[in-house]
Amino acid sequence: MLTPFKPKSREIKKVERKGNILFLYSDHGILALEPKNEGIVRVIYTIKDSFSDKEKPGIVMKESFGDWDYTENDNSIELCLNRLRVSVNKETGAVSYYSKSGNSVNKKLLFKERDIDAKEFEEFESLRLAGVPQKTRIIETADGKKEVLEDPFKVSTGKSYHIRFNFELGDEALFGLGQQEKGFASLRGKTLYIHQGNRKIAVPMFVSTNGYGILVDTYSPLIFNDNQNGTYIYTEADQELDYYFIAGVTADNKADMNEVISGYRFLTGKAALLPKWAFGYVQSQERYETQEEILATVKKSRELGIGMDCLVLDWLSWPDNQWGQKSYDESRFPDPKGMIEKMHDDHVHFMISIWPTMAGNTENHKEFAEKNLFLPANTCYDAFKKEARELYFDQLKRTHFSYGTDAWWCDSSEPFTPEWNHLVRPEEGVLYKEYLDEAGLRMTYEYCNSFPLYHAMGIYENQRKAMEEAADKDSQYKEKRVCNLTRSAYTGQQRYGTIMWSGDTDASWDTLKNQVAIGLHFSASGIPFWTNDIGAFFVKHGINWYWDGKYDDTADNKGYCELYTRWYQYSAFLPMFRAHGTDVRRELWTFKGEFYDALLKANRLRYRLMPYIYSEAGKVWLKDASLIRWLAFDFADDKNTWGITDQFMFGESIMVCPVLDAMYYDENGESLIAAEKQRSVYLPAGCDWFDFYTGEKYEGGKTVTVSAPLDIIPFFVKDGSIIPMRAAALSTEEQNDEIEFKRFGNVTKGYEFYEDAGDGYGYEKGEYKLTVIK
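Remember, it's a predicted structure, so these values are computed and weren't measured experimentally. Within each chain, residues carry numbers counting from 1 in the order of the written sequence. Whole-chain, interface and lining totals are the exception, using all residues; otherwise, since this is a predicted model, local features are given only for residues with pLDDT of at least 70 and side-chain atom pairs are given and counted only at 80 or more. Side-chain metrics in this entry use all non-hydrogen atoms of the structure; hydrogen atoms and water are not considered.

S.K.: So what's going on with the overall build of the protein chain? Which residues, and what values?
M.R.: The helix count covers DSSP runs of H or I at least four residues long, the strand count covers runs of E at least two residues long, and both are numbered beginning at the N terminus. Along the protein chain, the regular secondary structure elements total 13 helices and 40 strands. Taking 28 Å as the expected radius of gyration for a compact globule of 774 residues, we find that the protein chain reaches 26 Å, a close match to that expectation. The principal-axis extent of the C-alpha atoms belonging to the protein chain is close to 80 × 70 × 60 Å. Here's how the labels work: a residue is buried when its accessible area is under 20% of the maximum for its type, exposed when over 50%, partly exposed in between, all with a 1.4 Å probe on protein chains only. The proportion of buried residues among the 774 residues of the protein chain is 64%. Accessible area for the protein chain stands at about 28,300 Å²; split by element, carbon and sulfur atoms hold 46% of it. Throughout, the radius of gyration refers to the C-alpha atoms, and the reference size of a globule is 2.2 Å times the residue count to the power 0.38. Surface accessibility in these figures is a Shrake-Rupley result with a 1.4 Å probe; residues are shielded only by whichever protein chains are displayed.

Pasting the structure below:
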């Protein structure tokens, strides 16, 4: 007979408080509970003799919270906080979390680890590329030039662990874990691979309608699983399990997921507020090729009365064949400083695409190579090194920043996208493995999800440093908020003035539907600023799996024009309102007749709502709010909201109900004569609602059908709300008309209306105006 190896006992044999941390010891490992405030506890578990001292850059709240006590009984150890009770099973070491209402004994089970083997470890040898020449090849993709490894020579970087964190869930919905490619409601029942990609963003944080959030402090790829094989998070490479439990419950034990987001920001840092202009319309496409073309676009937009606050210059601004060089092709951009000054005269800001890679024939590459500041066997700079981050921005200072550039588009910030190397899209598990092989060998497995965090850190810290150094001098480095549109993110990246977007999508109604849900999941991960490419990046159909648009005739196909119009209307209610893509030009005048009229109407609606939008954006900083939210965040008690993926909250008071199906034309541009020009809307229970356009009042808890002609995006306002509005303008800087405060229903409490100077740091410095509107 075979004899099994007996596992080490997980029974808690010793408990001691050291400072503000409670340590619990078993033969299997050490469990540490470290309260951070009355509702947040850090949980660390190791099977070694001590915890690691590895860098964990996502968390900024290093201090512990000391106002707690603990007790022991025959079955458990109880750590008691004012809002939370943490119970550890003495026999198994499994942890459960209960809410508390003040000092009341009444409690509600929020979350529990699995009773048996909640934390499983498997040791492995971590490998990385050796510091010798490696065989690589360059391939051309729609995502840029990619350097692919062939027969890599690897060396050991020591021992690490695959860790499975097993837990149990009840009757609850989960949201978050960054951005997936497909849209769905709750995370329940899913297997999700959490790694960076062109159309994926990894954030290891989820929230629950039961009133809590889990933030796993790992920097490696991970897997979330909730099916017949178990419910768990599996981290690919870590020294210990390290997670934060964040309670989000009201005094009467109701779920408050907005409080969970506030807890996430308490741990990982405030969300740096974007400049005011970044909430205006951002015009972009692949691509503007000359200085003359850019200025002509600004001129025509102004002549036609189109609101626009920013124009973006996509890739290939550099000289021919000098990929990633941070300087202009002088034959096409003879006077970039003068170009930007003319744009500023028209109240238009300028954003430019920059890449972490630099071709070997560039001066930028030469500087990095001389200091050995590239990732192994790659032309991507090593953002994990402070010296490399400083050099990267120093190169920007010499050119783009000194010309007056207002914002950065940090493209390809994963920076590895092996999925783009395929004609046919591989399965999710295959993509995960390929990402590990490509990124893990160059960045180490324990950190290969966190490159975008370090990249954004370098841009933010060094731009702020450049402005601070120039504050007392006559300098071209005008003080301005950092604004960084970037494709990937990780824990804590909201600190660095970043907006993320959904990557290079393809044009279809299904893709538009997906955008709503994936943007809400991303926001539920704690990072507030997100956008997408209006109309999708790829419009036509190509041979590659990702070039899968449905409209080869682009703007000559009325089916695409209708899709673009609805996409534009939806995006007018996102944190950043931005058009971009290839295959067809993205200026409004590309779309004719009724479509142009509808687009212009949506553009003006965005600017009319700007006082509300910017006030709500102020609450992102001041109150750790989220601009876009699942309905379940505000109406968790109404289970009907848990599965709604085609409506969302925009700020405190507005519920947006975008049109996500064709009503006028099919994919071939043929008329849909029988299609209804209306959509159904669920009005969450707990309050009444007003149609913004008609002022008609509706009772909550019901489904209604509303008119949705081409030039209307339905949206509703909560009863008792005040919406500050202004006349539409060509830019946020030109909005000087008196603000109208539009009231809806029975207003019983004042609306907190915030204003500050657009490009300063008013909110952050407390230099803002608060008016309570009655």
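Okay, back to it.
S.K.: Mind laying out the sheet that holds strand β16 (residues 205-208), listing which residues take part and the relevant values?
M.R.: Two strands pair under a simple rule: DSSP has to find at least two bridges between them. What the eight strands build is an open sheet, ordered β1-β2-β3-β4-β20-β17-β16-β14; its pairing is antiparallel. Pairing within the sheet leaves two strands with one partner each, and these edge strands are β1 (14-18) and β14 (174-176). With direction set aside, neighbouring strand axes in the sheet form an average angle of 20 degrees. Pairing analysis gives three bridges linking β14 to β16, with the strands arranged antiparallel. Each bridged residue has a counterpart across the sheet, and for G176 the counterpart in β16 is F206. The axes used here are C-alpha line fits, helices contributing only the stretch in contact, and every angle between their N-to-C directions lies in the interval 0 to 180 degrees.

S.K.: Help me get a handle on the pairing of strand β8 (residues 95-100), residues and values and all.
M.R.: Where burial is concerned, most of β8 is hidden: five out of the six residues are buried. As paired strands, strand β7 (residues 84-89) and β8 are joined by five bridges and run antiparallel to one another. Following the sheet pairing, L84 is matched in β8 by S99. What sits between β7 and β8 in their antiparallel hairpin is a turn of five residues, with G93 showing a positive phi close to 80 degrees. As paired elements, β8 and strand β9 (residues 107-113) share five bridges and run antiparallel to each other. Within the sheet, the bridge partner assigned to S96 lies in β9 and is K112.

S.K.: Could you give an account of the packing of helix α9 (residues 558-571) against helix α10 (residues 594-608), naming the residues involved and the relevant values?
M.R.: In the contact formed by α9 and α10, the axes pass within 9 Å of each other and the chain directions differ by 5 degrees. The angle between α9 and α10 falls in the class roughly parallel. Only F595, A598, L599, A602, N603 and R606 of α10 make contact with α9, whose side of the interface consists of K558, C561, E562, Y564, T565, Y568, Q569 and S571. For this scheme, ten residues count as nonpolar: Ala, Val, Leu, Ile, Met, Phe, Trp, Tyr, Cys and Pro. Four count as charged, namely Asp, Glu, Lys and Arg, and the remainder, Gly too, count as polar. Tallied by class, residues from the contact of α9 with α10 come to seven nonpolar, four polar and three charged. Each angle gets one of four labels, with under 35 degrees taken as roughly parallel, over 145 as roughly antiparallel, 65 to 115 as roughly perpendicular, and the rest as oblique. Two residues qualify as a contact provided that any one of their heavy atoms is within 4.5 Å of a heavy atom in the partner residue.

S.K.: Kindly report on helix α11 (residues 610-622), identifying the contributing residues and their values.
M.R.: The length a helix should cover is 1.5 Å for every residue beyond the first. Between its terminal C-alpha atoms α11 stretches 18 Å, which fits the 18 Å expected from 13 residues at 1.5 Å a residue. Burial runs high along α11: twelve of the 13 residues are buried. Among the residues making up α11, those that are buried are M610, P611, Y612, I613, Y614, S615, E616, A617, G618, K619, V620 and W621. Once α11 ends, the next one or two residues include D624, with phi positive near 55 degrees.

S.K.: Just give me the short version of the sheet that holds strand β33 (residues 689-691), but keep the residues and values in it.
M.R.: Read across the open sheet, the six strands follow the order β29-β30-β31-β36-β33-β34; overall the sheet is antiparallel. Among the strands making up the open sheet, the edge pair consists of β29 (628-629) and β34 (697-698). Here β29 runs beside strand β30 (residues 648-650); their pairing, made up of two bridges, is antiparallel. Each residue of the ladder has a partner; that of R629, found in β30, is M649.

S.K.: Which residues make up the nonpolar core, and what values do they have?
M.R.: Side-chain atoms within 4.5 Å are what join buried Ala, Val, Leu, Ile, Met, Phe, Trp, Tyr and Cys residues into a set we call a nonpolar core. Core analysis: the largest hydrophobic core is formed by 213 residues, its most contacted members being L33, F111, Y243, F245, F279, F573 and I654. Broken down by element, this core gets its largest block of residues, nine residues, from helix α7 (residues 451-469). Among all residues touching F245, those that are not within four sequence positions of it are G39, I40, V41, L84, Y97, L110, F111, Y212, G213 and I214. Within the second largest apolar cluster, 15 residues are counted, among which are F635, M649, W689 and V704.

S.K.: Which residues make up the packing of aromatic side chains, and what values go with them?
M.R.: Aromatic pairs are defined between Phe, Tyr and Trp rings, using the six-membered ring for Trp, whenever the two ring centres lie within 6.5 Å; interplanar angles under 30 degrees are classed as stacked, those over 60 as edge-to-face, and all others as tilted. Taken as a whole and assessed by the stated rule, the structure comprises 66 aromatic pairs. Where F401 meets W408, the ring centres are 6.0 Å apart and the plane angle is 45 degrees; that geometry is what we call tilted. By the burial criterion, F401 is buried, and W408 matches it. Here W420 and W545 contribute two aromatic rings whose centre-to-centre distance is 5.3 Å and whose plane-to-plane angle is 80 degrees, an arrangement assigned as edge-to-face. With W420 in the loop between β24 (407-410) and α6 (428-443) and W545 in the loop between β27 (530-531) and α9, the pair connects residues that are 125 residues apart, well separated along the chain. Of the two residues examined, W420 and W545, each falls in the buried class. In this analysis the charged atom, NZ for Lys or CZ for Arg, is taken to sit over a ring once it is within 6 Å of the ring centre and within 35 degrees of the ring normal. Residue placement shows K119 over the ring face of Y45; its charged tip is 5.2 Å from the ring centre. A cation over an aromatic ring shows up here: K742 above the ring of F692, its NZ or CZ 4.5 Å from the ring centre.

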